2 protein chains.
Amino acid sequence: MDKQTAIQTAFAQAMAATEEIPAKQKQVLAASLALFAEQGFANTTTKEIAERAGVAEGTVYRRYHTKEALLAALLQPVVRQVVPTLMREFAHQVMQQTYPSRRQFLQALLTNRAEFLQGNWREIKILLNEMLVRDDLRATIIQEATPVLRDNLYPLLDHLRQAGELVAWPNDLVSQFLIGTVMTNLLRANLQGDLRTFSRRIPYLVDFLDRGLAPD
Amino acid sequence: MDKQTAIQTAFAQAMAATEEIPAKQKQVLAASLALFAEQGFANTTTKEIAERAGVAEGTVYRRYHTKEALLAALLQPVVRQVVPTLMREFAHQVMQQTYPSRRQFLQALLTNRAEFLQGNWREIKILLNEMLVRDDLRATIIQEATPVLRDNLYPLLDHLRQAGELVAWPNDLVSQFLIGTVMTNLLRANLQGDLRTFSRRIPYLVDFLDRGLAPD
DNA sequence: GCTTAGTATGTGAGTGCTCACTCACTTATA
DNA sequence: TATAAGTGAGTGAGCACTCACATACTAAGC
């Protein structure tokens, strides 16, 4: 699997930047990730993290000196490294196709990228949650995401539109429809605890978007 | 405005059920609503509520004896009374039209109901937030919402489909696309703090959904 | 090979503080 | 005079975070 290794590589790079991490610290990060996703950041205590990680509470604080720093350590690589890298990669992949049709584009987006979203679902859920609650984080995310979309997704859309394959709406609106459709379907599948529902529905999503974004 | 009064009436009814509420208690409810929406339930202290409401902390506890009960008092009427009532009302309204076209249906849904969503946005934001975090609440909401959709929205969709106006997809999938498109656009407009963006975009949403849900 | 010293990692009882919540009391209402 | 509404200092619980100490590992000195 090309995309699989791509995702793993991107993660590995993001992790490598943080040098050697001892086993127990990894357990702390893993436990935090799981608990923040399950219960939310504010509803998770450092005692719970220590318990699930199987370490003493002091260990939780050895590397990251506040609970906030722990959250940042989990979200930062996703926001700053992983998403942009994979976005760019996807852009190249699609651009290489000589005759990009709207349907091909959507198919690629929904299988390739949705798989990635699914793989990082816990981080994304935390992100969603904290964005609703914290003004500063929301501002940061929007600030980070805007140029990533503009530089990687928008050129693809322009390309499609020029080929007479895409409706003449502003790029941010089209992105909104794309991202919104994928996210709400993913969200629902995840809230119901059944991830396979989403995969089964991808053909419908492609159909829906294919019609909805067709030129006049 | 017919819908305006309808919304106000529904609220009045929901409020009337809770009998006479003294002024300071209303201030407490209003302050809680605002703060929960701004900062999230877990990040809001009862001291903050008291301060914003301009009352003593003891007053916060006079009627609702826990912070949880305060949350329930805010969300319960929306979930159990207001939404179902207005949903039913909308259903009747649309059903009365002799020749319901897909476009008419969408137009009505997006202006009429989106206005309601916008009016209750703070409650909905809290609802979204807590659904992501609390398993029990999520289960309750889904349990409450399912029959409301099935009894009020699904018949409309069946009606449209029979008239050859709607794609032959399962009702829950079509609802997903409808609700998802509206909610994500509302969410974005609200996160950016610009509510008018949403109204301005309604024609695009109608177009998008009109194409996306057209029969083969 | 063995000891010693130095450093990174791990520990958990302890600390101060903030939180949700209480209650004896005061003030308005009827 | 009785009942309801409001008050705010107070309380115990639980929270994020600390620190003196224990253990594990590495490298140098003999």
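You'll find chain A entered in an unreviewed UniProt entry as HTH tetR-type domain-containing protein, with Levilactobacillus namurensis DSM 19117 given as the organism.

Draft legend 1. Inspection of the overall build of chain A at higher detail. Assigned secondary structure in chain A consists of 10 helices and 0 strands. When burial is assessed residue by residue, chain A has 50% of its 216 residues classed as buried. Within chain A, residue pairs in contact and separated by at least 24 positions form 66% of the contacts whose partners lie at least 6 positions apart. As presented, chain A carries roughly 10,600 Å² of accessible surface, and 54% of it is formed by carbon and sulfur atoms. Measuring between centres, the 24 positive side-chain charges of chain A sit 4 Å from its 23 negative side-chain charges.

Draft legend 2. Structural detail: the protein's contact with DNA strand D. Tyr61(A), Lys67(A), Lys24(B), Thr59(B) and Arg62(B) are the nearest of the 15 residues found near DNA strand D. Counting only the atoms of DNA strand D that lie within 4 Å of the protein, the sugar and phosphate share comes to 58%. At 3.2 Å, a side-chain N or O of Glu57(A) approaches a base nitrogen of DNA strand D. At 3.3 Å, a backbone N or O of Gly58(B) approaches a base nitrogen of DNA strand D. Where the surface near DNA strand D is concerned, the elements lending two or more residues are helix H4 (57–63) of chain A together with helix H2 (23–39) and helix H4 (57–63) of chain B. Looking at side-chain class alone, the surface near DNA strand D contains 4 nonpolar, 7 polar and 4 charged residues.

Draft legend 3. Molecular detail of the packing of helix H6 (residues 102–119) of chain A against helix H10 (residues 196–212) of chain A. Residue and element names in this part refer to chain A. Look at H6 against H10: their axes get within 10 Å of each other, and the N-to-C directions meet at 145°. Between H6 and H10 the crossing geometry is right-handed. On the side of H6, the interface is formed by Arg102, Arg103, Leu106, Gln107, Leu110, Thr111, Ala114 and Gln118, while H10 contributes Phe198, Ser199, Ile202, Leu205, Val206, Asp207, Leu209 and Asp210.

Draft legend 4. Expanded view of the UniProt feature "domain: HTH tetR-type" (unreviewed entry) in chain A. UniProt marks residues 22–82 of chain A with the feature "domain: HTH tetR-type" (unreviewed entry), using the numbering shown here. In residues 22–82 of chain A, helix accounts for 79% and strand for 0%; the two terminal C-alpha atoms are 22 Å from one another.

Draft legend 5. Examining the side chain of Thr181(B) more closely. Inspection of the secondary structure puts Thr181(B) in helix H9 (residues 171–191). Residue class for Thr181(B) comes out buried when judged on its relative accessible area of 4%. In contact with Thr181(B), not counting residues within four places along its chain, are Phe177(A), Phe208(A), Leu205(B), Phe208(B) and Leu209(B).

Draft legend 6. Region of the structure containing the packing of helix H5 (residues 67–96) of chain B against helix H7 (residues 121–133) of chain B. Residues and elements named next belong to chain B. At their nearest, the axes of H5 and H7 sit 10 Å apart, and the two run at 105° to each other. By the criterion of interaxial angle, the relationship of H5 to H7 is roughly perpendicular. Counted together, Leu71, Leu74, Leu75, Val78 and Val79 of H5 and Glu123, Ile126, Leu127 and Glu130 of H7 form the full contact between these two elements. Its residues assigned to classes, the contact of H5 with H7 comprises 7 nonpolar, no polar and 2 charged.

Draft legend 7. Fine view of the protein's contact with DNA strand C. Contacts to DNA strand C come from 16 residues, most closely from Lys24(A), Thr59(A), Arg62(A), Tyr61(B) and Lys67(B). Residue Glu57(B) places a side-chain N or O atom 3.1 Å away from a base nitrogen belonging to DNA strand C. A distance of 2.7 Å separates a phosphate oxygen of DNA strand C from a polar atom in the backbone of Lys67(B). Elements with a minimum of two residues in the surface near DNA strand C: helix H2 (23–39) and H4 of chain A together with H4 of chain B. When residues of the surface near DNA strand C are assigned to their parent elements, the largest contribution, 3 residues, is made by H4(A).

Draft legend 8. Highlighting the relation of the copies chain A and chain B. The transformation that overlays chain A on chain B combines an axial shift of 0.0 Å with a rotation of 180°, and the residual RMSD is 0.1 Å. Look at the turn and shift together and you get a two-fold axis relating the two. Rotation axis and chain A: the residue whose C-alpha lies nearest the axis is Gly212(A), separated from it by 1.9 Å. Comparing contact sets, 100% of the residues at the interface of chain A also lie at the interface in chain B, consistent with an isologous, same-surface contact.

Draft legend 9. Molecular detail of the interface of chain A and chain B. Contacts between chain A and chain B engage 38 residues on the former and 38 residues on the latter. Of the roughly 3,500 Å² buried between chain A and chain B, counting both surfaces, carbon and sulfur atoms make up 61%. Linking chain A to chain B there are 6 salt bridges. Ionic pairing is found between Asp172(B) and Arg201(A), a salt bridge with its closest N-O pair at 2.5 Å. The tally of links from chain A across to chain B stands at 14 residue pairs in polar contact (both at pLDDT 80 or more).

Cut-offs applied
Residue numbers here run from 1 along each chain, matching the order of that chain's written sequence. Ligands are numbered from 1 and chains lettered from A, in the order in which they are written. Where local features are concerned, this predicted model is filtered to residues with pLDDT of at least 70; where side-chain atom pairs are given and counted, the filter is 80 or more; whole-chain, interface and lining totals use all residues. Side-chain measures were taken over the full set of non-hydrogen atoms in the model, leaving aside hydrogen atoms and water. Put simply, DSSP H or I for four residues or longer makes a helix, DSSP E for two residues or longer makes a strand, and each gets a number counted from the N terminus. Burial classes follow relative accessibility: with a 1.4 Å probe on protein chains only, a residue under 20% of its type's maximum area counts as buried, one over 50% as exposed, and anything between as partly exposed. Throughout, a contact is declared for two residues whenever any of their heavy atoms are within 4.5 Å. Values of accessible area rely on a 1.4 Å probe in the Shrake-Rupley scheme; residue burial ignores everything except the protein chains shown. Just so you know, the count uses Lys and Arg for positive and Asp and Glu for negative, and it drops His and the chain ends. Charged groups are reduced to one reference atom each: NZ for lysine, CZ for arginine, CG for aspartic acid, CD for glutamic acid. We call a residue near a molecule or strand whenever a single non-hydrogen atom of that residue lies within 4 Å of it. In protein, a polar contact requires one atom able to donate a hydrogen and another able to accept it; more generally it is a pair of N or O atoms within 3.5 Å, and residues adjacent in sequence count only if both atoms are side-chain atoms. Residues are grouped as follows: Ala, Val, Leu, Ile, Met, Phe, Trp, Tyr, Cys and Pro are nonpolar; Asp, Glu, Lys and Arg are charged; every other residue, Gly included, is polar. Each axis is a line fitted through C-alpha atoms, and for a helix only the stretch in contact is used; angles between axes span 0 to 180 degrees, taken between their N-to-C directions. In this scheme the handedness of a crossing depends on how the near helix is turned from the far one: anticlockwise by less than a right angle means left-handed, clockwise means right-handed. UniProt positions are given in the numbering used here, feature names are shortened, and annotations may be inferred rather than shown by experiment. Small angles under 35 degrees read as roughly parallel and large ones over 145 as roughly antiparallel, with 65 to 115 read as roughly perpendicular and the rest as oblique. Here the copies were fitted onto each other by least squares, based on C-alpha atoms from residues at pLDDT of at least 70 in both. In short, buried area is how much 1.4 Å probe accessible area vanishes from two parts on joining, totalled over both. When a carboxyl oxygen of Asp or Glu is within 4 Å of a side-chain nitrogen of Lys or Arg, the pair counts as a salt bridge.

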